[in-house]
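Per-entry structural report
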Amino acid sequence: MRAAVMYGAGDVRVEERPDPRVEEPADAVVRTVASCVCGSDLWPYRSMPAGGTGRLMGHEFLGVVEETGADVSGLKPGDLVVAPFTYSDGTCDYCAKGLHFSCHNGGRYGTDGVDGGQGEAVRVPYASGTLVKLPVTADPALVPSLLALSDVMTTGHHGAVTAGVGRGDTVLVVGDGAVGLCAVIAARRLGAERVVLAGHHEARTALGREFGASDVVTERGEEGVARIRELTGGVDKVIEAVGTRLALDTALGAVLDGGTISRLGVPQYEQGPFGPAEFLRNVTLTGGAAPARAYIGQLLPDVLDGTIDPGRVFDRCFTLDQVPDAYRAMDCRQALKALIRP
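Our subject in this report is the structure included herewith.

So, how was this worked out
- Residues numbered from 1 in each chain as written.
- Predicted model: local features only at pLDDT ≥ 70, side-chain atom pairs only at ≥ 80, totals over all residues.
- Heavy atoms only, no water.
- Helix = DSSP H or I, 4+ residues; strand = E, 2+ residues; numbered from the N terminus.
- Rg over C-alpha atoms; globule rule 2.2 N^0.38 Å.
- Buried < 20%, exposed > 50% of the residue type's maximum accessible area, 1.4 Å probe, protein only.
- Contact = heavy atoms within 4.5 Å.
- Lys, Arg positive; Asp, Glu negative; His and termini not counted.
- Charge placed at Lys NZ, Arg CZ, Asp CG, Glu CD.
- Polar contact = N/O pair within 3.5 Å; in protein donor to acceptor, adjacent residues only side chain to side chain.
- Arc of directions from axis to C-beta.
- Pairing = 2+ DSSP bridges.
- Axes fitted to C-alpha atoms, helices over the stretch in contact; angles between N-to-C directions.

Re the overall build of the protein
- When its secondary structure is counted, the protein shows 12 helices and 18 strands.
- Relative to a compact globule of 342 residues, whose C-alpha radius of gyration would be 20 Å, the protein shows 20 Å and is just as compact.
- Over its C-alpha atoms, taken along the principal directions, the protein stretches across nearly 55 × 40 × 40 Å.
- Across the 342 residues in the protein, those meeting the buried criterion constitute 54%.
- The long-range share in the protein, meaning contacts at least 24 apart out of those at least 6 apart in sequence, stands at 69%.
- Each charge class in the protein was averaged separately, 32 positive and 43 negative side chains, and the resulting centres sit 2 Å apart.

So this is what it looks like as structure tokens:
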């Protein structure tokens, strides 16, 4: 089969790889219908040291079950499924608490002999605890929003949930990438009355407004904080969806004492400003990697009935052979999020 492999910064290739097969009784083989490039894929794309072995890429995909192992239940060949961005057994104590990302037996696609999602097929470990069977066929109009449940929509939802967003709240979302835009959807879905979106890419912030952002702040740094405070007086709930120190500083500058910041962006820093000044403000820092498997069932009905349409974040479509172009387009901000079809 063909699959995307990264060999270093800026070096993504589509290569022939061995066809996936059931190796363990809990495995399933899924033929990919759609996958995508994640914003987090751009960090290694910009900085990964060159190497000779390569790294299988992709962790968000939608597909059709082709084969199942003897221990797989609830799934059969022909089922359309969405895969959360990590696999999990569904039975450990973390999974029981809805924290599937921390599953004792779980892992990440593209590592430890597991296929990446940017390929023609994927061997999925612990298929029964990982894959979510969808009660629909692969309608091209619905596929993007179903695929968004694999990561960006569930991650945006995680930010709104962990920030404690509720009815009537004013919420700040820092970042106009796909996750930030989905966080706007999620905050509105949970009842936020006002959502301020901090971002400076016009096409993205325009989509954010369509998703429910009440205000857009294009200024950055101290000017951005001042503008947010001018508009709101400060906010109690912040969703930080970038992962840079600048984004964190914006969140800390805008949040009120006693407020909550949920961090969704994978931090691109090791140390943050969490000294005595922040301690005395009683600001809660939360968020982290989303347990997507726990959220898909909650969000799926709203996708199916059209209440939310997160698939609109996919603004360009590429074939599998065009994956290197998809990375370049996202890296150069010519695409918000690239959809890949085999």
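Side note on the environment of T32
- Residue placement: T32 occurs in strand β3 (residues 28-36).
- As a C-alpha pair, T32 and L42 span 10 residues in sequence and 22 Å in three-dimensional space.
- Leave out the neighbours within four places in its chain, and T32 touches F61, L62, G63, G117, G119, E120, A121, V122 and P342.
- Within the structure, the side chain of T32 is placed 3.0 Å from the backbone oxygen of G119, a separation counted as a polar contact.

Regarding the side chain of T130
- Tracing the backbone through its elements, the reader meets T130 in helix α3 (residues 127-130).
- A polar contact of 3.5 Å, which involves the side chain of T130, links it to the backbone oxygen of P125.
- Apart from the residues within four sequence positions on either side, T130 is in contact with V82, P84, T86, Y87, S88, Y109, V124, P125 and R293.

Some words on helix α7 (residues 202-211)
- When we look at burial in α7, the residues that qualify are R204, T205, L207, G208 and F211. Angularly, the buried residues of α7 cover 155 degrees about the axis, an arc narrow enough to put them on a single face. In α7, the exposed positions that point more than 90 degrees away from the buried face belong to E202, A203 and E210.
- Where the residues of α7 are buried, they touch α6 (178-189), β12 (194-198) and β13 (215-217).
- One or two positions beyond α7, positive phi appears at G212, with a value near 130 degrees.

Notes on the pairing of β3
- Of all 9 residues in β3, 7 are buried; the element is thus mostly enclosed.
- Here 7 bridges tie β3 to strand β5 (residues 61-68), and the two strands are oriented antiparallel to one another. Bridging across to β5, A28 finds its partner in T68.
- Bridge count for β3 against strand β9 (residues 121-124) is 4 bridges, and the pairing is antiparallel. Across the sheet, residue R31 finds its bridge partner in β9, namely A121.
- Sheet topology places β3 next to strand β18 (residues 338-341); 2 bridges connect them, and they run antiparallel. By the bridge assignment for β18, S35 is matched with I340.

Some thoughts on the sheet that holds β12
- Read from one edge of the open sheet, 6 strands run β13-β12-β11-β14-β15-β16, paired in parallel fashion. One side of each edge strand has no neighbouring strand; the edge strands of this open sheet are β13 and β16 (284-287). Ignoring strand direction, the axes of neighbouring strands in this sheet form an average angle of 20 degrees.
- In this sheet, strand β14 (residues 235-240) lies alongside strand β11 (residues 170-174) in parallel orientation, the contact comprising 4 bridges. Bridged to L172 within β14 is V238.
- Its contacts with the sheet place α6 against β11, β12 and β14, and it is angled at close to 175 degrees to β12.
- Sheet strands in contact with helix α9 (residues 245-254) are β11, β14 and β15 (255-263), and its direction is about 150 degrees off that of β15.

These figures come from the coordinates and say nothing about function on their own.
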